[in-house]
Amino acid sequence: MNYDIALRTAPTSRLPEVDFGHLAFGKVFSDHMVEIDCIEGVWQNAQIKPYGPISIMPSNTALHYGQAIFEGMKATKHADGRALLFRPELHAERLNASATRLAMPALPPELFLAALHQLVDLDKAWIPPAEGSSLYIRPFMFSCDNSVGVRPASHYKFMIITSPVGPYYSTPVRLLAQTEYIRAAEGGVGEAKAAGNYAAAMLPSMLAQEQGYDQILWLDAKERQYVQEVGTMNIFFVIDGEVVTPTTAPGTILRGITRRTILEHLADQGRPAAERMVSVHELVEAHKAGLLQEAFGSGTAAVVSQVESITYDGYEMVLPPVTVDNVSARLKNYIEGVRSGRLADSNGYLVEAGSLAGAAMVA
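What this report covers is the structure whose coordinates are included nearby. (Residues numbered from 1 in each chain as written. Predicted model: local features only at pLDDT ≥ 70, side-chain atom pairs only at ≥ 80, totals over all residues. Heavy atoms only, no water.)

## Observations concerning the pairing of strand 2 (residues 32–39)
Across the eight residues of strand 2, seven count as buried, placing the element largely inside the fold. Judged from the seven bridges that link them, strand 2 and strand 3 (residues 42–50) form a sheet pairing that is antiparallel. Bridged to E35 within strand 3 is Q47. Pairing of strand 2 with strand 8 (residues 155–165) involves six bridges; the strand directions are antiparallel. Counted as the bridge partner of C38 is Y156 from strand 8. (Buried < 20%, exposed > 50% of the residue type's maximum accessible area, 1.4 Å probe, protein only. Helix = DSSP H or I, 4+ residues; strand = E, 2+ residues; numbered from the N terminus. Pairing = 2+ DSSP bridges.)

Given below as structure tokens:
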């Protein structure tokens, strides 16, 4: 299908003001953004326009009842200068899965991809050139009714903003296994990228940081023993040579696209990971036996973030130092190498920004 997306370009670019060598994550935003309305189930008013404020009323339902979802993805620069997107169709799919869970309308994937391609192609000069850096892309959707009645809205807005960023976690992190607060329960919204999930995580994360930890290792809501995620990332362990990650089957864990890529790559290498329930007690026993060799998070922002230690109920599991031969280091090298063009994209994960057929821009 051909989508007409109106274009209004910024009169001047703010790009000359940006120091690519010193980028704080999510603090600087590029010149343009996408804005599309869904009114009574019909997507309309698709446009790309200069990045800037939007107007909402105090009675906006997203402010009161949290009908708000988002995605996180990246564009990188190939060695030959092309702007590349990494598995964008999976982000369109996951956005709609989140929308379904929050009683929000599905965005046609073709419209998502058309707007994404055109925005990134327009602002591709904002992609930092260094490997490990990227243009972070934030698609999001929120309700726009002006009412304090509790019900699904009739008006929604979908937007995309982008931000040049450097590496996220550059050093291994210290984790605290959380036994008081929970991230998600079965039947809840844990596998959706709902804004409220992240709001609920802020207090326990802040308390952990006050104790000297970098992030939370989340446990299940019922028994407080089965590992779910780490901070805002999926989590992997290497136990006695086996790569293990918590199963997403209970619906409490985000189905990460980086996680999926890691699982596919490990399978391609003849080392498939085990997806199963992982108990924190299993980790303690493995550590005491000298069998807990690695732990690392995976996600769009950090790609792969190695873990230095995990503390549970006062017991600190210090992990061996990270080397270039670690599973986590090789995985990070693989994903970043594919994104930059340094390594071959044998699975066809990359798509050149602006290459999408069937999309039209109307100036």
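## Structural notes on helix 3 (residues 109–122)
Each full turn of the α-helix corresponds to 3.6 residues, which orients residues three or four apart in the same direction. In this model helix 3 runs 20 Å from its N-terminal to its C-terminal C-alpha over 14 residues, within 8% of the 20 Å that 1.5 Å per residue would give. Where burial is concerned, most of helix 3 is hidden: ten out of the 14 residues are buried. Of all the positions in helix 3, only L111, F112, L113, A114, A115, L116, H117, Q118, L119 and V120 are classed as buried. (Expected span 1.5 Å × (residues − 1).)

## Examining the side chain of S279
Mapped onto the fold, S279 is located in the loop between strand 14 (274–276) and helix 6 (280–288). Using a relative accessible area of 9% as the deciding quantity, one classes S279 as buried. Of the polar contacts made by the side chain of S279, one reaches the side chain of Q225; its length is 3.1 Å. Not counting residues within four places of it along the chain, the set of residues in contact with S279 comprises Q225 and Y226. (Polar contact = N/O pair within 3.5 Å; in protein donor to acceptor, adjacent residues only side chain to side chain. Contact = heavy atoms within 4.5 Å.)

## Describing the side chain of E229
As for its position among the elements, E229 is in strand 11 (residues 227–230). Exposure remark for E229: the relative accessible area of 2% places this residue in the buried category. At 3.3 Å, the side chain of E229 and the side chain of R183 are in polar contact. In this structure the side chain of E229 is engaged in a polar contact, spanning 2.7 Å, whose partner is the backbone nitrogen of L254.

## A closer look at the packing of helix 2 (residues 88–101) against helix 3
Interhelical geometry of helix 2 versus helix 3 gives an angle of 130° and a closest axis separation of 9 Å. Between helix 2 and helix 3, the angle falls in the class oblique. Pair helix 2 / helix 3 crosses with right-handed handedness. Contact residues: helix 2 offers P88, E89, H91, A92, L95 and N96, while helix 3 offers P109, F112, L113 and L116. (Axes fitted to C-alpha atoms, helices over the stretch in contact; angles between N-to-C directions. Parallel < 35°, antiparallel > 145°, perpendicular 65-115°, else oblique. Left-handed = near helix turned anticlockwise from the far one by under 90°.)

## So, the environment of G270
Counting through the fold element by element, G270 comes out in the loop between helix 5 (257–268) and strand 14. Each C-alpha atom, one on G270 and one on G256, is 21 Å from the other, the two residues being 14 residues apart in sequence.

## A word on the environment of Q209
Looking at the element boundaries, Q209 is found in helix 4 (residues 195–210). Distance from Q209 to L175, taken between C-alpha atoms, is 9.4 Å for residues 34 residues apart in sequence.

## So, helix 2
For helix 2, spanning 14 residues, the distance from its first C-alpha to its last is 21 Å, which sits close to the expected 20 Å at 1.5 Å a residue. Those residues of helix 2 that sit buried are P88, L90, H91, A92, R94, L95, N96, S98 and A99. The first or second residue beyond helix 2 is A103, which carries a positive phi of 55°.

## Here's the deal with the packing of aromatic side chains
For the structure shown, the criterion picks out seven aromatic pairs. The lysine or arginine in question, K288, covers the ring of Y315, its NZ or CZ lying 5.2 Å from the ring centre. The aromatic ring of F86 is capped on one face by R339, whose charged end is 4.5 Å from the ring centroid. (Phe/Tyr/Trp six-rings, centres within 6.5 Å; stacked < 30°, edge-to-face > 60°. Lys NZ or Arg CZ within 6 Å of the ring centre and 35° of its normal.)

## Some points on the nonpolar core
Core analysis: the largest hydrophobic core is formed by 41 residues, its most contacted members being F112, L116 and F158. The dominant element in this core, judged by the number of residues it contributes, is helix 3, at eight residues. Discounting residues that sit within four places of it in the chain, F112 has contacts with M73, P88, H91, A92, L95, L107, P139 and F158. (Core = buried A, V, L, I, M, F, W, Y, C linked by side-chain atoms within 4.5 Å.)

## Here's the deal with the packing of helix 5 against helix 7 (residues 327–340)
Helices that pack against each other are described as a pair by the angle of their axes relative to one another and the distance between those axes. Their axes nearest at 11 Å, the elements helix 5 and helix 7 cross at an angle of 105°. Here helix 5 lies roughly perpendicular to helix 7, going by the angle between them. Contacts between helix 5 and helix 7 involve T258, T261, I262, H265 and L266 on the former and, on the latter, V327, L331, Y334 and I335. Split into classes, the residues belonging to the contact of helix 5 with helix 7 amount to six nonpolar, three polar and no charged. (Nonpolar A, V, L, I, M, F, W, Y, C, P; charged D, E, K, R; others polar.)

## Digging into a nonpolar patch on the surface
A cluster of nonpolar residues, I54, I56 and L63, forms a patch on the protein surface that exposes about 260 Å² of accessible area. Considering the arrangement of structural elements, one finds L63 in helix 1 (residues 61–65). Accessibility expressed as a relative area gives 56% for L63, which makes it exposed. (Patch = residues over 30% accessible without salt bridge, like charges linked within 9 Å, V, L, I, M, F, W, Y side chains within 5 Å. Areas by Shrake-Rupley, 256 points an atom, 1.4 Å probe, with all protein chains shown as cover. Salt bridge = Lys/Arg side-chain N within 4 Å of Asp/Glu carboxyl O.)

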